[in-house]
Each structure stands twice: as structure tokens, then as C-alpha cells.
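Listed here are the chains, written in short residue letters.
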Amino acid sequence: MTASRTLTGIGVSPGVAIAPARIVDARFPDVPDRSIGASEVEGELARLRAAIDAVVLHLEQLRERVRERAGPVESGIFDAQILMAKDPDFLASVEYLITHNNLSAETAFEFKALEMRVAWSGAGNLRLRERLADLAAVQTRVLRHLMGWSEDDLVMGTIAGPVIVVAQEISPGLTVQLDREHLVGMISVEGTRTSHAAILAHSLGIPAVMGVEGALDRITQGATVMLDGRAGTVVIDPSQDEVLRTRHLVTRRQKLELTFEGVLDQPSVTPDGCTITLQGNVDLPEEIDLAVRHGAEGVGLLRTEFLVTGKAQLPTEEEQVAYFRRIASAFAPHAVTIRTFDLGGDKFPAAFEAPAEANPALGWRSVRVCLDQEEVFRPQLRAILRAARGRNLRFMIPLVTSVDEVVQTRRLLQEEARSLAEAGVPAAESVPLGVMIETPAAVLLADHLARVSDFFSVGTNDLTQYTLAVDRGNARLAPRFTPHDPAVVRQLATIESAARAGNIPLSVCGEMASDPLTAILLLGLGYRVLSVAPPTILMLKWIIRAVPIAVCRSAALAALEVPGAAAVEQVLAEAVSPHLDLAQLRL
Ligand code: PEP
Ligand code: MG
């Protein structure tokens, strides 16, 4: 009985949650082709108008709620959708089909929406393609209404009590819009520890289990579920006994957290005197406080996709300037490292999904998009230059595979700096330009890249994905996603020597730096700056203060000699066991 109520997946964000399940129904209604008689035309026209009115009213209410709770930038998505829902030309064309072709309201609406989708998908104009996301959102709402389906909103202010969201896939877009006041946990069929929704959940401290096969078949709407985001387990309708046992575990974990908090005011130095800098990865503005409170010495990775994900439009230069200034001020005098838009793969706003690509992870993404679409890149570079005046900012570009990408970026930066100066706009003359090392190509070219860049930051999530040819978001492959694989470890050593030879600063911002064992491996390989999800900063400092760097170094040397990931894990665990109780850390 217990077994059938227990599901397992990948614990991607620690913590325990017990709450009713809220199944996210993101289905697009299947609209049947339906013709109508001449006498029904008036009725269908009235039904269409009523549906539009209801959708517009609903969108206006959502906009208000999100604006109150999050601000005008977040609520902006609804402005575009409201305008589109009310578009008189579009509605006239739907009405024409109802009147002259005798189609039902939903059949006519879907026909016209599809027509528009096809036209926009093929458009070279990025702004037009961006509007596809709005079109899809409006289309779903109107069709659901016309077909008598209920609304399914989980955005801020629409949920009454605590819930655990259960979905096929939790996209970064969904995560940023979710009502975080009442969202106490997340369960999804797809996803892994390094998928972006998981990274967001971890950063926000929302317990989450992903890669849970059968979650949607087994969990029913409203059923009580208990999830453990560290163990990766989900229990449906837990018994009192099970809840009690879990609560006991939570108390033990809380005690452990208190132990970590004890090092808050202590320096981040190993017992044998090696100083390590701990920075925070920031994906959303609400993580700033936690990172500052946990003593982050700056931001090693400021993901800027938040400004785009789930939004209708790209952020303006002004919005970016304001955001970058705010973050830089929060962490002053420490540096904040802005990563330029890393769009693509699983981080495109829905609008960018067209044209579809067979291999998005190897496709038109990251710095490639920025270099190809200067109207996207230049405003971001200008915003960085403007915000950097009098503030400690640097920036880096993702998914670099060639020296040329860095050279081109520097040229654009210089051009924008010149044009700002000519226009008399206050801005920094330049900003340190870093390279994210997250492809094997960048590792092989690290010596050349060190000559054209101001610092390196290693993105181990992508480096592991591209080295091992393992999709980082594929739950089935999760056991094969091993950042401590010798194939990755050897590259980490190469990067470290290239940065040292080139005399440029080096850090790691991938998830690997957040795990106790692999963090020790990085320290042993010579990495002295780690940027991690804010909730893990104190645990890492506690570990750093417990394990001598000499132990890390000999563990890393041993790891470089063994043939497989399991063996690496073993040598690391053996080396640190006299200093750390790993079982306790993984409680
Ligand atoms: C990485 O790839 O390791 C990284 C830090 O970037 P992201 O996870 O955003 O791709
Ligand atoms: Mg990456």
C-alpha cells in the first residue's frame, strides 16, 4: 500500500512540503471543426464577444494583482495580452468567418489565430515573433472559455491556500509567475537538477522534486501530498506516521541549518589558511536579500533571462539600467557579474521558440543570438556601461565557442561606450568582459580566450552537458549527468592552468559548486572563487572551514587519475571522511 503511494524522482531543491496538490493543466483545447446554420450566426457572434469580454476582464484583474505584488515590469506581460485580445482587426476577421463561412465561434477563432501564428513564425522580425507568446496565451484563454473549460491560473494572488504544484513540466516562465506566497512545493514529470526551473526553485528555496514518472497519473487534484526535495520522494495521502517521521527529519535538518548559521560572521578560510570567496548566483530580484544576508561577497552569476522569461517584450535599456544599478548597490563594494542574455535551449521566452529547431541545445542560442540580433545585444551592453559608472560591475558572455565571439563583443562594447560618450550620457568607459567556459571548445581554446578576456567563469552545467553529450534536462539521463566525471574534471584542471598562465581571475558558477563533494574537488583543483545558489552559501563556508586545502588538493590529484565518475566520488569521499560527516550533510 505504502509503495503505491510513494513516487520517486530527483530531489532538486531541498526542503519538505505537505499540502494539497494543484495540477497545472496547460493543455491547449482540441477544437472540433463545427459549422453552424444561418440562424445561429448572431448567437455565435454574441458568444465570441462575451468570451473576449470575459478574457479581457480576467486579464485586467490578473494584471492588477501582479502589479500590486511584484511591480509594473512583471505585470507588463498582461498589457500586451489585453491589447491583443481586443485587437479590432483580428476580431473583425473572426467575425467575418462566422458570418460568411458559417463557422462556430471557436472554429473561426482558432482558424484565424493559426493563420496569424504561421505568418508571424516565418517573420524575420524578432519583435513580431516575440508576440507569438502573447498570441498563444490569449488563444488558449479565449478557446478555453468558448469550450466551457475553466481558467487555470497560478499567478500571484489567485491561489487561496498553500499548494504543491504538479505539472508535466515546469518551465522557467511558469516559475517566475507563480504565486510564491502559497506555492510550497513543486513536482514535475520532466526536469532534472540542472534544468532552469530547478535552479530557480533551489534559489528561491521552494522544495521541489522533478523527474517523477507517473506523477500526473497518480496524483489527483486536491490530494494531500508530501514531498522531500532532498530525498526526491513524493508520498500521496501520507499517513500520520509518515508525516511524523518526516517532521522529525525536518527538525534534524533545522538543527543542521543552525550549525551552518554559526559560521555567518566567520571568515571563509580553510583550517590551513586558504581564503575562499563565496558569491551568490542571482536569478530573480527576490534572491538579493537572501544572498546579502548569507554574506555573499558579490554575485558571480546574475542571470538576466528573468527580464525576458515569461514576458511579452524584451526589457528596455532603461529597465535594465535600473535593475543592474539596484543589484550593484545591494552588493557594494563587491562586484556583480552580469551574464548577457543566455536565451535558447530551455531559456527562450515562448516567442523565441519559432522557428523550431531539431537540436535547440546545439542551436541558435546564447551569445549567438546576441551577436546576430544586435538590436537585442546593444541595448544590454549600453545598460551595462551606464549602470557600471561608479559601481562595481563586470559582465560575461555565455556559451562561447570561439575567440571571435569575444572579439566581436568587445568591439560592440567599445562602439556603445563611444556613442554614449558622444551623446553625453553618463556611463563607464569600459567594463571587464569575461567568458563563460561551458563548452569543450572553450576549454580547448582557453589559452587563446585568456588573452582576449578579463576573467573566466566556468559553467559546469553546460560543460557537463556538452562534454558527456547528456541533455541536462532529461530525467532519464540524470544518473549519467556527472559533473565529477573525469572527462569534466580534466577540463576543469586545464581551465585552471590557462587562467593562471594568463593571469586572469577565475570562478565557477555551475551547480557543481553547491554540492559538498564536488565543491571540495573544485577547491582541490585550485578554484578559489565559487558562486552558488544563496541558500547553500553557509553550508559551503562551514565545509571550507572544516576541510584543509591540502586534503582537497590530494583528493583532486587522485580524482585526476581514476577512470570513472563513481571512482572520483569514492576517492573524494574517502579523502574528506575524517573531516566531514557526509551522511549528515545529505540528511
Ligand atoms: C552553467 O551552464 O553551468 C551555468 C552556470 O549557466 P546556466 O545554468 O544558466 O546555463
Ligand atoms: Mg550555461
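Keep in mind the model is a prediction, meaning the values are calculated, not measured.

## Section: the overall build of the protein
Turning to step 1, where the next piece is worked out: When you go through the protein residue by residue, the secondary structure sums to 24 helices and 16 strands.
Turning to step 2, where the next piece is worked out: Looking at the protein as a whole, 55% of its 587 residues are labelled buried.
Turning to step 3, where the next piece is worked out: Of the roughly 23,800 Å² that the protein leaves accessible, carbon and sulfur atoms contribute 53%.

## Notes on the site of ligand 1
Turning to step 1, where the next piece is worked out: Around ligand 1 lies a shell of 16 residues, among which Arg 303, Glu 438, Gly 459, Asn 461 and Arg 472 are the nearest.
Turning to step 2, where the next piece is worked out: For ligand 1, an oxygen atom lies 2.9 Å from a polar atom in the side chain of Arg 339.
Turning to step 3, where the next piece is worked out: Within the backbone of Asn 461, a nitrogen or oxygen atom sits 2.7 Å from an oxygen atom of ligand 1.
Turning to step 4, where the next piece is worked out: Coverage of ligand 1 by the protein chains reaches 100% of its 290 Å² of free accessible surface.
Turning to step 5, where the next piece is worked out: Looking at the shell around ligand 1, the elements that each hand over two or more residues are helix H8 (196–204), strand E10 (299–303) and helix H18 (460–468).
Turning to step 6, where the next piece is worked out: The leading source of residues in the shell around ligand 1 is H18, at three residues.
Turning to step 7, where the next piece is worked out: Its residues assigned to classes, the shell around ligand 1 shows four nonpolar, five polar and seven charged.

## Some details on the coordination of the magnesium ion (ligand 2)
Turning to step 1, where the next piece is worked out: Those protein atoms acting as donors to the magnesium ion (ligand 2) are Glu 438 (OE) and Asp 462 (OD), and they sit at 2.0 to 2.2 Å. Of this pair, Glu 438 sits in the loop between strand E13 (433–437) and helix H16 (440–444) while Asp 462 sits in helix H18, and the two are 24 residues apart along the sequence. For the pair Glu 438 and Asp 462, one class covers both residues: buried.

## Quick look at the packing of aromatic side chains
Turning to step 1, where the next piece is worked out: Taken as a whole and judged by the stated rule, the model has three aromatic pairs.
Turning to step 2, where the next piece is worked out: On the basis of an interplanar angle of 90° and a centroid distance of 5.5 Å, the ring pair of Phe 90 and Phe 109 is categorised as edge-to-face. Within this pair, whereas Phe 90 is found in helix H4 (residues 88–101), its partner Phe 109 is found in helix H5 (residues 105–121), the two being separated by 19 residues in sequence. Across the pair, Phe 109 and Phe 90 agree in class, each one buried.
Turning to step 3, where the next piece is worked out: Seen from their ring centres, Tyr 323 and Phe 324 are 6.3 Å apart, and the 45° between their planes marks the pair as tilted.
Turning to step 4, where the next piece is worked out: Classification of Phe 324 by relative accessible area gives buried; the value is 0%.
Turning to step 5, where the next piece is worked out: Arg 394 extends its terminal NZ or CZ atom over the ring of Phe 455, reaching a point 3.6 Å from the ring centre.

## Concerning the sheet that holds strand E4 (residues 163–167)
Within a sheet, neighbouring strands are paired by backbone hydrogen bonds and run either parallel or antiparallel to one another.
Turning to step 1, where the next piece is worked out: Read from one edge of the open sheet, eight strands run E1-E8-E7-E3-E4-E5-E6-E2, paired in mixed fashion. The two strands at the open ends of the sheet, each matched to only one other strand, are strand E1 (6–8) and strand E2 (10–13). Sheet twist, expressed as the mean angle between neighbouring strand axes with direction ignored, is 30°.
Turning to step 2, where the next piece is worked out: The sheet contact formed by E2 and strand E6 (residues 208–210) spans three bridges and is antiparallel. Residue pairing in the sheet places Ser 13 in a bridge with Ala 208 of E6.
Turning to step 3, where the next piece is worked out: Taken strand by strand, H8 contacts E2, strand E5 (183–188) and E6, and its axis lies near 55° from that of E2.

## Observations regarding the nonpolar core
Turning to step 1, where the next piece is worked out: With 122 residues, the main nonpolar core has Phe 324, Phe 456, Leu 492, Ile 495 and Tyr 527 as its most contacted residues.
Turning to step 2, where the next piece is worked out: The dominant element in this core, judged by the number of residues it contributes, is helix H14 (residues 374–388), at eight residues.
Turning to step 3, where the next piece is worked out: Excluding anything up to four places from it in sequence, Phe 456 contacts Val 435, Ile 437, Ala 446, Leu 449, Ala 450, Ile 495, Ala 498, Ala 499, Ile 504, Pro 505, Leu 506 and Ser 507.
Turning to step 4, where the next piece is worked out: Counting 34 residues, the second-largest nonpolar core is a separate cluster that includes Ile 36, Val 56, Ile 82 and Val 94.

## Describing the pairing of E5
Turning to step 1, where the next piece is worked out: For E5, the buried fraction is high: five of the six residues fall into the buried class.
Turning to step 2, where the next piece is worked out: Pairing between E4 and E5: five bridges, direction parallel. Within E5, the residue paired with Ile 164 across the bridge is Gly 185.
Turning to step 3, where the next piece is worked out: In terms of strand pairing, E5 meets E6 through two bridges, oriented parallel. The residue bridging Ile 187 from the neighbouring strand is Val 209, located in E6.
Turning to step 4, where the next piece is worked out: You can see the chain leave E5, run along H8 and come back into E6, and the turn it takes is right-handed.

## Examining the state of the cysteines
Turning to step 1, where the next piece is worked out: All chains considered together, the criterion is met by zero disulfides.
Turning to step 2, where the next piece is worked out: In this structure Cys 274 is a free cysteine whose sulfur lies 8.3 Å from that of Cys 552, the closest cysteine sulfur available.
Turning to step 3, where the next piece is worked out: Residue Cys 274 is classed as buried on the basis of its relative accessible area of 14%.
Turning to step 4, where the next piece is worked out: On the basis of relative accessibility, which here comes to 1%, the residue Cys 552 falls in the buried class.

## Section: the side chain of Thr 107
Turning to step 1, where the next piece is worked out: On the secondary structure map, Thr 107 appears in helix H5.
Turning to step 2, where the next piece is worked out: For Thr 107, a relative accessible area of 7% puts it in the buried group.
Turning to step 3, where the next piece is worked out: Apart from residues no more than four positions distant in its own chain, Thr 107 is found in contact with Val 31, Pro 32, Asp 33 and Arg 34.

What counts, and at which threshold
- Residues numbered from 1 in each chain as written.
- Chains lettered and ligands numbered in written order.
- Predicted model: local features only at pLDDT ≥ 70, side-chain atom pairs only at ≥ 80, totals over all residues.
- Heavy atoms only, no water.
- Helix = DSSP H or I, 4+ residues; strand = E, 2+ residues; numbered from the N terminus.
- Buried < 20%, exposed > 50% of the residue type's maximum accessible area, 1.4 Å probe, protein only.
- Areas by Shrake-Rupley, 256 points an atom, 1.4 Å probe, with all protein chains shown as cover.
- Near = heavy atom within 4 Å.
- Polar contact = N/O pair within 3.5 Å; in protein donor to acceptor, adjacent residues only side chain to side chain.
- Nonpolar A, V, L, I, M, F, W, Y, C, P; charged D, E, K, R; others polar.
- Donors = N, O, S within 2.8 Å, 3.2 Å for Na, K, Ca; no water.
- Phe/Tyr/Trp six-rings, centres within 6.5 Å; stacked < 30°, edge-to-face > 60°.
- Lys NZ or Arg CZ within 6 Å of the ring centre and 35° of its normal.
- Pairing = 2+ DSSP bridges.
- Axes fitted to C-alpha atoms, helices over the stretch in contact; angles between N-to-C directions.
- Contact = heavy atoms within 4.5 Å.
- Core = buried A, V, L, I, M, F, W, Y, C linked by side-chain atoms within 4.5 Å.
- Right-handed = clockwise from strand over helix to strand, strands pointing away.
- Disulfide = S-S within 2.5 Å.

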